[in-house]
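Tertiary structure, described
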Amino acid sequence: MRLKVRPWLLTVHQWLGVLLGAMLVVISVSGSIAVFFEEITHTLHADLFINQPRGKALPPEQAIAVLQQQFPRRQLMGLNIPDEDNVNYFGIYSEANNLRIAFFNPYSGEVVAEKPISELFIGIVILLHTQLLAGPAGAVAVGVLSVLFFVLIASGVWLWPGWRTPVQSFRLRIGSPARLVHYDLHKIGGIVTALFLAVIALTGAAMAFRAPVEDWLYRLSGTPKPTVPVSTGGVGARVLPLDALLARARTVLPEGRITSISLPVGPKGTLNVNLELPGKELHGGHSGVWVDQYSGAVLRVDNAQKGSLPRWILDWLLPFHTGEFAGMPGKIAYAIIGLVPVALFWTGFALWLDRLKKSLRKQQAARSFG
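Here's a quick rundown of the structure. This one's a predicted model, so the numbers in the text were calculated from it and none came from an experiment. (Residues numbered from 1 in each chain as written. Predicted model: local features only at pLDDT ≥ 70, side-chain atom pairs only at ≥ 80, totals over all residues. Heavy atoms only, no water.)

**Considerations on the overall build of the protein chain**
When helices and strands are tallied, the protein chain shows twelve helices and eight strands. Seen along its three principal axes, the alpha-carbon backbone of the protein chain occupies a region of about 85 × 50 × 40 Å. Each of the 370 residues in the protein chain was classed as buried or not, and the buried ones make up 41%. For the protein chain, restricting intrachain contacts to residue pairs at least 6 apart in sequence, the fraction spanning at least 24 positions comes to 60%. Just so you have it, the protein chain exposes about 20500 Å², and 65% of that area is on carbon and sulfur atoms. Of the charged side chains in the protein chain, 33 are positive and 23 negative, and the gap between their average positions amounts to 17 Å. (Helix = DSSP H or I, 4+ residues; strand = E, 2+ residues; numbered from the N terminus. Buried < 20%, exposed > 50% of the residue type's maximum accessible area, 1.4 Å probe, protein only. Contact = heavy atoms within 4.5 Å. Areas by Shrake-Rupley, 256 points an atom, 1.4 Å probe, with all protein chains shown as cover. Lys, Arg positive; Asp, Glu negative; His and termini not counted. Charge placed at Lys NZ, Arg CZ, Asp CG, Glu CD.)

Structure, rendered in structure tokens:
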């Protein structure tokens, strides 16, 4: 007996939408807000992020030294260095599995403030978007939801009636019964934004499960995957001063602007310096240099302008997830598209509820005449 795909797929589509819709709405809305991370933080927390440039900024190693002296009992994970002259550096701390952020004025050498990331509005939004405020388990859940969201989109495209009647499928019957209006809004909104939502879902899932995706990309392309750098100092080996390690990293890609520095964690940890090279490269820097914390030896170099195809794909995941690849117009468009799932959930739930009511009425009528 031939399996009828459409009824089965419609059932899957409906129940995925009903069961997961609310969580997908939370992820979508928080994602639309998070697209404007910089603009929101610089507006709501101007006192923390914005400074008045005065003279020459202190070098990153001096900023790190000040932050380490200021908070000696906390693990400083690294330092972010914005490309705008009037924006403070900020250091990231780890404390009891919670992230804290310290704002550093590179001109005055002053630590402006230090607080949990969850106390910042945009910090809450990002944690909600990436972890549902549930830590590592929440991050896995977001990845699974992203995959199921793609299934929801793909099934909706398959079910779209426009494959048979394309002109009529874009008709919006204003003034008709609510059920028909909901149906028209659902099918039109879904098909118009399907490609963009699919890209957002797939890139979100890939970032949530980055390690296995990275392994798969390198295996599929036949490109050797770069090894994870490890410092190899013996027992009692002396860690080199930070300025010496940074000086060594700078000699490798001297034309690059340092965007962030990740400090060694543990005896096998390395110093990782991310840089932005001039020319065609993503904003924020995706080139990197890894340095042995004991010998100062360069263990690995990632040059974004000469990278492999897997590296290129991985570097473009975030820009394609946020619309940053197209600048501010792309971010605005993605923020608007990110709100479409709200309308799809509302109209889809209304249609499902209408069908449920009809089914219950039929069952009641059958029992009455039975």
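Now that the structure has been shown, we can carry on.
**Considerations on the nonpolar core**
For soluble globular proteins, nonpolar side chains are generally found buried alongside one another. Formed by 26 residues in total, the largest nonpolar core has its most connected members in L67, L79, F104, I261, L271 and V273. If you list the elements that add at least two residues to this core, you get α4 (60–70), β1 (75–80), β2 (89–95), β3 (98–105), α9 (242–252), β5 (257–262), β6 (270–276) and β7 (287–292). When near neighbours in sequence (up to four residues on either side) are disregarded, V273 contacts L246, A249, I258, S260, S287, G288 and V289. L16, A194, A198 and I200 belong to the second-largest nonpolar core, a separate cluster that totals 18 residues. (Core = buried A, V, L, I, M, F, W, Y, C linked by side-chain atoms within 4.5 Å.)

**Focus: the packing of helix α10 (residues 309–322) against helix α11 (residues 327–337)**
In the contact formed by α10 and α11, the axes pass within 8 Å of each other and the chain directions differ by 65 degrees. Residues F320, H321 and T322 of α10 touch α11, and the partners they reach there are G330, K331 and Y334. The residue inventory of the contact of α10 with α11, partitioned by class, reads two nonpolar, three polar and one charged. (Axes fitted to C-alpha atoms, helices over the stretch in contact; angles between N-to-C directions. Nonpolar A, V, L, I, M, F, W, Y, C, P; charged D, E, K, R; others polar.)

**Observations regarding the packing of aromatic side chains**
Inspection of the entire model under this criterion finds 13 aromatic pairs. Seen from their ring centres, F49 and F90 are 6.1 Å apart, and the 70 degrees between their planes marks the pair as edge-to-face. Of this pair, F49 sits in helix α3 (residues 46–49) while F90 is found in strand β2, placing the two residues 41 residues apart along the sequence. A ring pair is formed by Y89 and F104, whose centres lie 6.4 Å apart and whose planes are at 25 degrees; its orientation type is stacked. Of this pair, Y89 sits in strand β2 while F104 sits in strand β3; the two residues are 15 residues apart in sequence, bridging distant segments of the chain. A relative accessible area of 0% means that F104 is categorised as buried. (Phe/Tyr/Trp six-rings, centres within 6.5 Å; stacked < 30°, edge-to-face > 60°.)

**Let's talk about helix α5 (residues 121–131)**
Along α5, the positions that sit buried rather than exposed are I122, G123, V125 and H129. Down the axis of α5, the buried side of the element spans an arc of 160 degrees, and every buried residue falls inside it. On its buried face, α5 sits against α1 (5–34), α2 (37–44), α6 (135–159) and α10. Where α5 terminates, the next one or two residues include L132, which has phi positive at roughly 55 degrees. (Arc of directions from axis to C-beta.)

**Observations concerning a nonpolar patch on the surface**
Among the surface-exposed residues, V147, F150, V151 and L202 lie close enough to one another that they form a single nonpolar patch of about 290 Å² accessible area. The biggest single contributor to the nonpolar patch is α6, with three residues. Summarising the element assignment, L202 is placed in helix α7 (residues 178–208). A residue is classified by how much of its surface remains accessible, and L202, at 45% relative accessible area, is partly exposed. (Patch = residues over 30% accessible without salt bridge, like charges linked within 9 Å, V, L, I, M, F, W, Y side chains within 5 Å. Salt bridge = Lys/Arg side-chain N within 4 Å of Asp/Glu carboxyl O.)

**Structural notes on a negative patch on the surface**
Together, E38, D83, D85 and E324 line one region of the surface with negative charge. Judged by relative accessible area, which is 31%, E324 ranks as partly exposed.

**Some words on α4**
Working note: α-helix, 3.6 residues per turn, so residues spaced by three or four point in the same direction. For α4, the set of buried residues is P60, E61, A63, I64 and L67. Seen end-on, α4 carries its buried residues on one side only, within an arc spanning 160 degrees. Where α4 is buried, its residues meet β1, β2, β3, β4 (110–116), α9 and β5.

**Notes on the sheet that holds β7**
Reading across from one edge, β4-β3-β2-β1-β5-β6-β7-β8 is the order of the eight strands in this open sheet, with antiparallel pairing throughout. Each edge of the sheet is formed by a strand with only one pairing partner; in this case those strands are β4 and β8 (298–302). The sheet shows a mean angle of 20 degrees between the axes of neighbouring strands, taken without regard to direction. Taken together, the four bridges between β7 and β8 define a ladder with antiparallel strand orientation. If you follow V289 over to β8, its bridge partner there is V301. (Pairing = 2+ DSSP bridges.)

**Thoughts on the pattern of salt bridges**
Scanning the entire structure with this criterion turns up 13 salt bridges. Note that R100 is salt-bridged to E114, the shortest N-O span being 2.7 Å. In this pair, R100 sits in strand β3 while E114 sits in strand β4, placing the two residues 14 residues apart along the sequence. Of the residues examined, R100 reaches a relative accessible area of 15% and is grouped as buried. If you follow the salt bridges from partner to partner, you end up with R74, R100 and E114 in one network.

**Some details on unusual backbone geometry**
At L132, a residue that is not glycine, the phi angle is positive and equals roughly 55 degrees. Relative to the assigned elements, L132 resides in the loop between α5 and α6. Positive phi, close to 60 degrees, is recorded for L133, a residue that is not glycine. Within the fold, L133 resides in the loop between α5 and α6.

**Some remarks on the environment of F90**
Taking the relative accessible area as the measure of exposure, F90 reaches 14% and is therefore buried. F90 sits eleven residues away from L79 along the chain, and the two C-alpha atoms are 5.8 Å apart. Sequence-distant contacts of F90, defined by excluding residues within four places in its chain, comprise F49, G78, L79, N80, P82, I101, A102 and F103.

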